Amino acid sequence: MIKDAADFIAQEKLGPDALDPKLDFQAFKTAVASVKRNAKSVLMDQQIIAGIGNNFSDDILFQARINPSVRMDELSASALERLFLTMRKVLEAAIVSGAGSEEFVTRMPKGSLLPERKKGGRCPRCGSLLKMFKLGGRTAYCCPNCQNC
Ligand SMILES: [Zn+2]
């Protein structure tokens, strides 16, 4: 499973892999901190960091409690660090859960946004109805209460 995920990321590779050990916080910060676009689009930009799709960008931002619409260059250093650590945690959990298989969403750790990422879905943390909107042409889900979106 880990090999499959790595192959998939390798095929799509343009920017450094999100889980590449060489992508430490400093490298992440260098890659994203000055990009004047919304956080979700930057995370999903395969030329900046490879391997983060639409669903996972939502879960990462949710776990980091960051509004997907906020501009990456306007995040504080502590928010950027939280985003980096959360990115690692969510993608590692996805690999362990067998990302790519049909039922992996149900095996994600408790509190994952992924099973709720649907019309009428609720925040796994506070129970609010999730907000759904278009951002950079992609569908974004976020909790208006936890992420101030
Ligand atoms: Zn919430």
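Provided above is the structure to which this section pertains.
Bear in mind the structure is a predicted one, so any value in this text is a computation, not a measurement.

A few words now on the pairing of strand 1 (residues 131-135). One face of the sheet, then the other: side chains in a regular strand alternate in exactly this way. Two strands pair when backbone bridges link them, and strand 1 and strand 2 (residues 138-142) are joined in this way by five bridges, in the antiparallel orientation. Across the sheet, the residue bridging to Lys131 is Cys142, located in strand 2. Between the end of strand 1 and the start of strand 2, which pair antiparallel, lie two residues, with Gly136 showing a positive phi angle near 55°.

Right, let's get into unusual backbone geometry. One non-glycine residue, Arg65, lies in the positive phi region at around 55°. Relative to the helices and strands, Arg65 is located in the loop between helix 4 (54-63) and helix 5 (77-96). A positive phi angle, close to 55°, is found at Asn148, a residue other than glycine. Note that Asn148 resides in the segment after strand 2. Exposure remark for Asn148: the 12 C-beta atoms within 10 Å place this residue in the exposed category.

Our focus in this paragraph is the environment of Leu83. With respect to the secondary-structure elements, Leu83 resides in helix 5. Judged by the 25 C-beta atoms lying within 10 Å of it, Leu83 is buried. Considering only alpha carbons, one finds Leu83 and Ala64, 19 residues apart in sequence, at a separation of 5.6 Å. Excluding its chain neighbours within four sequence positions, the residues that come into contact with Leu83 are Ala64, Ile66 and Leu75.

As a further point, take the environment of Ala31. Among the secondary structure elements, Ala31 is positioned in helix 2 (residues 25-32). By C-beta crowding, Ala31 is classed as partly exposed, having 18 other C-beta atoms within 10 Å. The spacing of Ala31 and Pro16 is 15 residues in sequence and 9.3 Å in space, taken between C-alpha atoms.

Further remarks concern the nonpolar core. In this structure, Ala18 and Cys142 are the most contacted members of the largest nonpolar core, which totals 36 residues. Sorting the residues of this core by element identifies helix 2, helix 3 (39-44), helix 4, helix 5 and strand 2 as the ones contributing at least two each. Counting residues per element, this core draws most heavily on helix 5, which supplies seven residues. If we ignore the near neighbours within four places in the chain, the residues touching Ala18 are Leu23, Ile49, Ala50, Gly51, Ile52, Met87 and Leu91.

Rules used throughout
Residue positions are given per chain, counting from 1 as you read along its sequence in written order. In view of the model being predicted, local features appear only for residues whose pLDDT reaches at least 70, and side-chain atom pairs are presented and counted only at 80 or more, with totals across whole chains, interfaces and linings using the full set of residues. Here, any two strands with at least 2 DSSP bridges between them count as paired. In DSSP terms, a helix is any run of H or I states spanning at least four residues, a strand is any run of E spanning at least two, and both are numbered starting from the N terminus. To sort residues by burial, count the other C-beta atoms lying within 10 Å of each one's C-beta; a count of 20 or more means buried, 12 or fewer means exposed, and anything in between means partly exposed. C-beta atoms are built from the backbone. We call two residues in contact when the distance between their C-beta atoms, placed using the backbone, is within 7 Å. Put simply, a nonpolar core is a cluster of buried Ala, Val, Leu, Ile, Met, Phe, Trp, Tyr and Cys residues tied together by C-beta atoms within 7 Å.

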